[in-house]
Amino acid sequence: MTLLQRNVILFLASVTGLSSYAGAKIEWSNLRHDFGAFDESMGIATAEFTYTNTGDEPLVITGARANCGCTTPVYSTDIVQPGDSGTLTVSYDAGGRPGRFEKKVYVDANTEPSRSVLTIAGVVIGTPSTIGGRYPVSVGPLRLAHSAALLGTVKSGQLKSTFESGYNASADTLSPVVENLPKWLSVNPVPERVSPGEQVSFSFLVNSNKISDWDIVTDTITIRPFEGSQDVFKMPVVVTVNEDFSDLTDKELANAPVVAVEVSTQTNPVAGGRSNDITVSNTGKDPLVLHKLYTRTERVTTNLKAEQKVKGGKSIRVNVFVPDEVAKSNPVVIFNLITNDPLNPRSTIKIPVVRD
């Protein structure tokens, strides 16, 4: 190696070493600001974040954005010389947002690394009007967003999870209790202890393996704001259970049962009411399973047994009885027939009621 080559290597090494120390460097006095608990009526809450350029070149903030439209960062694009400081403000709009919050602000600058992450947090104590609008159901100090839990649709053999929200409108910590659950449902409040002004999420988990019914399944659960409270809310829960046909092969689909329904046009008067017949046929090959035949019209009954089967090419007759008192106000009774026909698992049947 010649003397010239050695000097070139030493020069490059020195330049590389210097470059590792050169540049702007941002150092924040704090990366998180907690507002604590404050009233929604305050409107906009603002926090200041101070930073210092601890590098040896001028620093400039090139951008700042929040992960929520309710949070607004404001910064200066002025150059901050080495050793000097600047301030970035972050505002949170609490209007209509009761409960705990935590928001992020991403700040970019000509530094390495180029991005800093700031956090604001707190608890908004809602005004009565906001709480009443977002959580209209009152269970003593606990408020709920909905009067019923509509759990959606679950396929047979599967699980389904969903959430309902609540709010602690009191000055005390609450530990909500959910009682009288059906065997197919579990509900867990999260968090278990809800501080004043904070939200609670009720986590619902449906286990369809434990449901011995089909289509629309209803029940009622009991919610208390804390153990032993006399404040009680009976919440209806509704879930729709459908048979899962997703794993059927092409051969199984070709041999699948096919439901056909015919309603008799003749309504027969009987003691205390009217009688009509429904003929249910299976025009497919495999047995047709009649999971359920039901109506929402009270006191109307049928003689169909749940899970009754109809062989391929066969039919059965089902009788429907409509009491006179019901027939007077219901010219048509609507039934739903739930079967294992993969192409038509839910049939709607309209039964006319002939009145004198």
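Above this text you will find the structure in question.
Cut-offs applied
Residues numbered from 1 in each chain as written. Predicted model: local features only at pLDDT ≥ 70, side-chain atom pairs only at ≥ 80, totals over all residues. Heavy atoms only, no water. Helix = DSSP H or I, 4+ residues; strand = E, 2+ residues; numbered from the N terminus. Rg over C-alpha atoms; globule rule 2.2 N^0.38 Å. Buried < 20%, exposed > 50% of the residue type's maximum accessible area, 1.4 Å probe, protein only. Contact = heavy atoms within 4.5 Å. Areas by Shrake-Rupley, 256 points an atom, 1.4 Å probe, with all protein chains shown as cover. Lys, Arg positive; Asp, Glu negative; His and termini not counted. Charge placed at Lys NZ, Arg CZ, Asp CG, Glu CD. Phe/Tyr/Trp six-rings, centres within 6.5 Å; stacked < 30°, edge-to-face > 60°. Lys NZ or Arg CZ within 6 Å of the ring centre and 35° of its normal. Pairing = 2+ DSSP bridges. Axes fitted to C-alpha atoms, helices over the stretch in contact; angles between N-to-C directions. Salt bridge = Lys/Arg side-chain N within 4 Å of Asp/Glu carboxyl O. Disulfide = S-S within 2.5 Å.

Draft legend 1. Examining the overall build of the protein more closely. Secondary structure summary: the protein contains four helices and 26 strands in total. A compact globule built from 356 residues would reach a C-alpha radius of gyration of about 21 Å, whereas the protein, at 34 Å, exceeds it by more than 25%. The dimensions of the protein, computed from C-alpha atoms along their principal axes, are 110 × 65 × 35 Å. A total of 356 residues make up the protein; the buried ones form 40% of that total. Taking contacts inside the protein between residues at least 6 apart in sequence as the whole, the part at least 24 apart equals 65%. Only carbon and sulfur atoms are counted for the fraction: they give 51% of the accessible area of the protein, which is about 19300 Å². Mean positive and mean negative side-chain charge positions of the protein (33 and 37 charges, respectively) differ by 9 Å.

Draft legend 2. The arrangement of the packing of aromatic side chains in detail. The final tally for this structure, using the stated rule, is six aromatic pairs. A network of ring pairs unites the aromatic residues Phe 35, Phe 38, Tyr 92 and Phe 101 as a single cluster. Positioned above the aromatic ring of Tyr 294, the side-chain terminus of Lys 292 is 4.5 Å from the ring centre.

Draft legend 3. Broad picture of the sheet that holds strand 12 (residues 159–168). With antiparallel pairing, the five strands of this open sheet are ordered in space as 9-10-12-15-14. Each of the sheet's edge strands pairs with one partner strand only, and the pair in question is strand 9 (137–139) and strand 14 (185–190). On average, each strand axis in the sheet is inclined to that of its neighbour by 30°, with strand direction left out of account.

Draft legend 4. Structural detail: unusual backbone geometry. With an omega dihedral of 5°, the bond running from Glu 112 to Pro 113 counts as a cis peptide bond. Checked against the element boundaries, Pro 113 lands in the loop between strand 7 (99–109) and strand 8 (115–125). Across the junction of Val 190 and Pro 191, the peptide omega takes the value 0°, indicating a cis bond. Structurally, the position occupied by Pro 191 is in the loop between strand 14 and strand 15 (199–207).

Draft legend 5. Structural detail: the pattern of salt bridges. Following the criterion strictly, the structure yields eight salt bridges and no others. Residue Asp 108 is joined to Arg 115 by a salt bridge in which the shortest nitrogen-to-oxygen separation is 2.9 Å. Relative accessible area serves as the criterion here: at 40%, Arg 115 is assigned to the partly exposed category. The residue Arg 346 makes a salt bridge to Asp 215 at a minimum N-O spacing of 3.1 Å. With a gap of 131 residues between them, Arg 346 in strand 26 (residues 346–352) and Asp 215 in strand 16 (residues 215–224) connect regions that are remote in the sequence. Of the residues examined, Arg 346 reaches a relative accessible area of 38% and is grouped as partly exposed. Several salt bridges converge on common partners, so that one network encompasses Arg 32, Glu 102 and Lys 104.

Draft legend 6. Representation of the state of the cysteines in the model. Scanning all chains against the criterion turns up one disulfide. Note that Cys 68 is cross-linked by a disulfide to Cys 70, the S-S spacing being 2.5 Å. Across the S-S bond linking Cys 68 and Cys 70, the dihedral sits near 120°, which makes this disulfide right-handed. You can call Cys 68 partly exposed: its relative accessible area is 22%. The exposure class of Cys 70 is buried, given its relative accessible area of 3%.

Note that all results are geometric; they support no functional claim without further evidence.
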